[in-house]
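Each chain, written out:
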Amino acid sequence: MKKVLVTGFDPFGGETVNLSLEAAKQAAGWKNDRYIVEVREIPTIFGKSLAILHDAIMQVDPDVVICVGQAGGRADISVERVAVNINDARIPDNEGQQPIDEPVVLGGPVGYWSTLPVKAIVEALRRHGIPASVSYTAGTFVCNHVFYGLMHYITQSKKPIRGGFIHIPYLPEQAARHLGQPSMALETIVEGLRLAIDVAVEREEDIQAVGGHIC
Ligand code: PCA
């Protein structure tokens, strides 16, 4: 039985909801003969977010970690392929911090690849009628910060954890306040998350064409 840790973020940037947290909450306690899901909330705060993620990994001892964040403006579920070593905040985080051009980890490699089966997840979602794509940037705000920190931790600790990051669009209710922006219903996102977990757990072989970190 594998353990899957799913995280979502609290609302940020003036929004009252963060769909990543709403979707993650629905995954709490999902259980079948292959895996069980534990969910944690992560604050949209540089530094603290990673401390809480590390604590969660210690508590849960997961085989798979999928961090979920919201990227308003994106049209589909985007499965991130690469995390980069930079904090460059366009807006302040939830504690008013706004780092510019700072590394996530001083002296760390430029980037890390996701170790989720990124393309297989995207294919599975599309097969089930859910718009999805591979993304090559998780931005430079708290989501990328958490993604990079996760992959750095996995690499340093040498734990056999499969980890990565998924960005999701606005909810229709949010898009109604951001005219012209795409959105996706919560139930579709939740179904996408379930498929992503299924594929990440089942896919034994590492399908990444490229491994390790980027020097
Ligand atoms: N999205 C932000 C941080 C928290 C979230 O849900 C991001 O894309 O960086």
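Residues numbered from 1 in each chain as written. Predicted model: local features only at pLDDT ≥ 70, side-chain atom pairs only at ≥ 80, totals over all residues. Heavy atoms only, no water.

Undergrad: So what's going on with the UniProt feature "active site" (unreviewed entry) in the protein chain? Which residues, and what values?
TA: Sequence positions flagged by UniProt for "active site" (unreviewed entry) are, in local numbering, Glu80, Cys143 and His167. Taken together, the annotated residues stretch across 88 residues yet fold into one region, lying no more than 10.4 Å apart by C-alpha. As for its position among the elements, cysteine 143 is in helix 4 (residues 142-157). Leaving out residues up to four positions away in the same chain, cysteine 143 has contacts with Phe9, Gly69, Ala138, Phe165 and His167. (UniProt positions renumbered as here; feature names shortened; annotations may be inferred. Helix = DSSP H or I, 4+ residues; strand = E, 2+ residues; numbered from the N terminus. Contact = heavy atoms within 4.5 Å.)

Undergrad: Before we move on, could you go through helix 1 (residues 19-27) and cite the residues and values that matter?
TA: Where helix 1 is concerned, the buried positions are Leu19, Ser20, Leu21, Ala23, Ala24 and Ala27. Buried residues along helix 1 sit against strand 1 (2-9), strand 2 (35-42), strand 3 (64-70), strand 8 (162-168) and helix 6 (186-202). (Buried < 20%, exposed > 50% of the residue type's maximum accessible area, 1.4 Å probe, protein only.)

Undergrad: Give a detailed account of the nonpolar core, specifying residues and quantitative values.
TA: Of all hydrophobic cores here, the largest spans 37 residues; its most connected members are Val4, Val6, Val37, Ile66, Ile77 and Ile197. At the level of secondary structure, the elements contributing two or more residues to this core comprise strand 1, helix 1, strand 2, strand 3, strand 4 (77-80), helix 3 (118-127), strand 8 and helix 6. Counting residues per element, this core draws most heavily on helix 6, at nine residues. Residues contacting valine 37, with those up to four places away along its chain left out, are Val4, Val6, Ala27, Ala28, Gly29, Trp30 and Ile197. In this structure, Val142, Cys143, Leu150 and Tyr153 belong to the second largest nonpolar core, which totals 28 residues. (Core = buried A, V, L, I, M, F, W, Y, C linked by side-chain atoms within 4.5 Å.)

Undergrad: Could you give an account of the site of the ligand, with specific residues and numbers?
TA: As a matter of local geometry, the ligand sits amid Phe9, Phe12, Asn18, Thr44, Gly69, Gln70, Phe141, Val142, Cys143 and His167. Asparagine 18 is positioned such that a nitrogen or oxygen atom in its side chain is 2.9 Å from an oxygen atom of the ligand. In the model, an oxygen atom of the ligand is placed 3.5 Å from a nitrogen or oxygen of the valine 142 main chain. For the ligand, the accessible surface in isolation is 270 Å², of which the surrounding protein chains cover 94%. (Near = heavy atom within 4 Å. Polar contact = N/O pair within 3.5 Å; in protein donor to acceptor, adjacent residues only side chain to side chain. Areas by Shrake-Rupley, 256 points an atom, 1.4 Å probe, with all protein chains shown as cover.)

Undergrad: Which residues make up the state of the cysteines, and what are the values?
TA: Taken as a whole and judged by the stated rule, the model has zero disulfides. As a non-bridged cysteine, cysteine 67 has cysteine 143 as the owner of its nearest cysteine sulfur, 8.9 Å distant. For cysteine 67, a relative accessible area of 0% puts it in the buried group. (Disulfide = S-S within 2.5 Å.)

Undergrad: Run through the pattern of salt bridges, naming residues and quoting values.
TA: All told, the structure shown has eight salt bridges when counted by the stated rule. The partner of arginine 34 in a salt bridge is aspartate 33, and the shortest N-O contact between them spans 3.7 Å. Among the residues examined, arginine 34 registers a relative accessible area of 30% and is labelled partly exposed. The closest approach of N and O atoms between glutamate 191 and arginine 194, which form a salt bridge, is 3.0 Å. Residue glutamate 191 and its partner arginine 194 are located together in helix 6, separated by three residues, close to a single helical turn. Among the residues examined, arginine 194 registers a relative accessible area of 30% and is labelled partly exposed. Through salt bridges with shared partners, a single network forms among Asp33, Arg34 and Glu202. (Salt bridge = Lys/Arg side-chain N within 4 Å of Asp/Glu carboxyl O.)

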